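Examination of the molecular architecture
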Amino acid sequence: MRPFTHLVPVALLLFTTLPSAVTSVNIVLSNDDGWAELNVRQFYKSLTSAGQSVVLSAPAIDQSGRSSLDAPPQPLNQPCQFNSCPKGSPATGSNATEPRYNYVNSYPVTAIRYGISVVAPKFFKAVPDLAVAGPNVGANVGAAALISGTVGAATEAAKQRIPSIAFSGTSGKPTAWNAKADSYNLIYSDLATNVTTTLIKSAKPYLPNNAWLNVNFPAVDNKCAKTSDFKFVLSRIYTAVPVLTPADVSTCGKTGRLPNERDVVNTKGCYASISVGLADTKLDADAITQAAVLAKLKSILSCLPA
Ligand SMILES: *[C@@H]1O[C@H](CO)[C@@H](O)[C@H](O)[C@H]1NC(C)=O
Ligand SMILES: *[C@@H]1O[C@H](CO)[C@@H](O)[C@H](O)[C@H]1NC(C)=O
């Protein structure tokens, strides 16, 4: 039995020191703030470090608030955002040394469509498993979801049957990709990667058909200063109208009504909201669809204080 007893501690050591393996999947990443904005680049790095295979396909310039507009990309009649490409550059292009970084000179929806139909086949030889957008610079809570290009990109992917998540962060301002990262850039990308990998660990299908997630992070400040200060709460996008709005999934001791996402991010205690939307309408999903997401994400979900 000697060799066996000798082997046991080695096996134990391996199992206790290796992080639990996450399946590596193919992800298309976009936003509306532009391909050269630091949040999206930081998220790319964070997902890639977590073992995911990612391609970035995002607008050449800031296209915030463009909702679901879609138009053929045009050659650049100005430099790309933060001078990330020269004036006169072609309608679509990629970083010469990092071809997974792609710009599309059009709307967020156009950019993610290009990512799905042109960039993804090149690198993945397959349809992406998942689409993520953001983190948007600025929150997208409630009716802002109807206007947001970040949400527009995410919902476009979900319409193409690719499960998708839109991420938005309250803190920050548009920042060039090559500037020094602020703490909010790092925290928001960590949190977004946490939600993404949790969904991946939940196994396919990642989301019910036509569903997408609207995730909003509260401000980073001296009370919410590191990733571990934040908690996730299941929420709804719009304020419910008494009697008229159908019931939500029951959780956190509340029957049939989730908190709305604006209240979640405004609650003291660093609460990030996760709402379940429908891609075709950008409205809240029904209780059954919310329940499917609750089951998938329960390992990271908390409740608001009573
Ligand atoms: C292109 O990628 C290289 C290598 O990652 C990087 O040093 C450079 O800043 C990038 N430029 C843009 C505009 O993305
Ligand atoms: C993800 O978030 C949950 C809940 O906040 C936390 O317990 C967990 O440690 C986080 N995981 C990672 C890898 O950050």
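Analysis parameters
Residues numbered from 1 in each chain as written. Chains lettered and ligands numbered in written order. Predicted model: local features only at pLDDT ≥ 70, side-chain atom pairs only at ≥ 80, totals over all residues. Heavy atoms only, no water. Near = heavy atom within 4 Å. Polar contact = N/O pair within 3.5 Å; in protein donor to acceptor, adjacent residues only side chain to side chain. Areas by Shrake-Rupley, 256 points an atom, 1.4 Å probe, with all protein chains shown as cover. Nonpolar A, V, L, I, M, F, W, Y, C, P; charged D, E, K, R; others polar. Pairing = 2+ DSSP bridges. Helix = DSSP H or I, 4+ residues; strand = E, 2+ residues; numbered from the N terminus. Contact = heavy atoms within 4.5 Å. Axes fitted to C-alpha atoms, helices over the stretch in contact; angles between N-to-C directions. Salt bridge = Lys/Arg side-chain N within 4 Å of Asp/Glu carboxyl O. Buried < 20%, exposed > 50% of the residue type's maximum accessible area, 1.4 Å probe, protein only.

**Section: the site of ligand 2**
- Every residue lining ligand 2 is accounted for by Asn-194, Phe-230, Phe-232 and Ile-300.
- For ligand 2, an oxygen atom lies 2.3 Å from a polar atom in the side chain of Asn-194.
- The protein chains hide 40% of the 360 Å² of surface that ligand 2 would expose on its own.
- Its residues assigned to classes, the shell around ligand 2 shows three nonpolar, one polar and no charged.

**Brief notes about the sheet that holds strand S1 (residues 26–30)**
- The mixed open sheet is built from ten strands, whose spatial order is S3-S4-S2-S1-S5-S6-S7-S9-S8-S10. Of all strands in the sheet, those with a lone pairing partner are strand S3 (92–94) and strand S10 (301–302), marking the two edges.
- Sheet topology places S3 next to strand S4 (residues 101–104); three bridges connect them, and they run antiparallel. Across the sheet, Gly-93 pairs through a bridge with Tyr-103, a residue of S4.
- Set on the sheet, helix H3 (residues 108–124) makes contact with S1, strand S2 (53–59), S3, S4 and strand S5 (130–137); between it and S2 the angle comes to about 145°.
- Sitting on the sheet, helix H8 (residues 287–297) is in contact with strand S7 (211–217), strand S8 (231–235), strand S9 (271–278) and S10, with an inclination near 140° to S9.

**Focus: the environment of Asp-62**
- Its location among the elements puts Asp-62 in the loop between S2 and S3.
- If we ignore the near neighbours within four places in the chain, the residues touching Asp-62 are Asp-32, Asp-33 and Gln-81.
- Engagement of the side chain of Asp-62 in a polar contact is seen with the side chain of Ser-64, the distance being 2.7 Å.

**So, the pattern of salt bridges**
- Using the criterion set out here, one finds seven salt bridges in the structure.
- A salt bridge links Arg-113 to Asp-70; its shortest N-O distance comes to 3.4 Å. Remark: Asp-70 occurs in the loop between S2 and S3 and Arg-113 occurs in helix H3; sequence separation between them is 43 residues.
- Judged by relative accessible area, which is 41%, Asp-70 ranks as partly exposed.
- One salt bridge connects Asp-284 with Arg-236, and the closest N-O pair in it is separated by 3.3 Å. Within this pair, whereas Asp-284 is found in the loop between S9 and H8, its partner Arg-236 is found in the loop between S8 and helix H7 (261–266), the two being separated by 48 residues in sequence.
- The exposure class assigned to Asp-284 is buried, which follows from its relative accessible area of 14%.
- Through salt bridges with shared partners, one network takes in Arg-236, Asp-248, Arg-257 and Asp-284.

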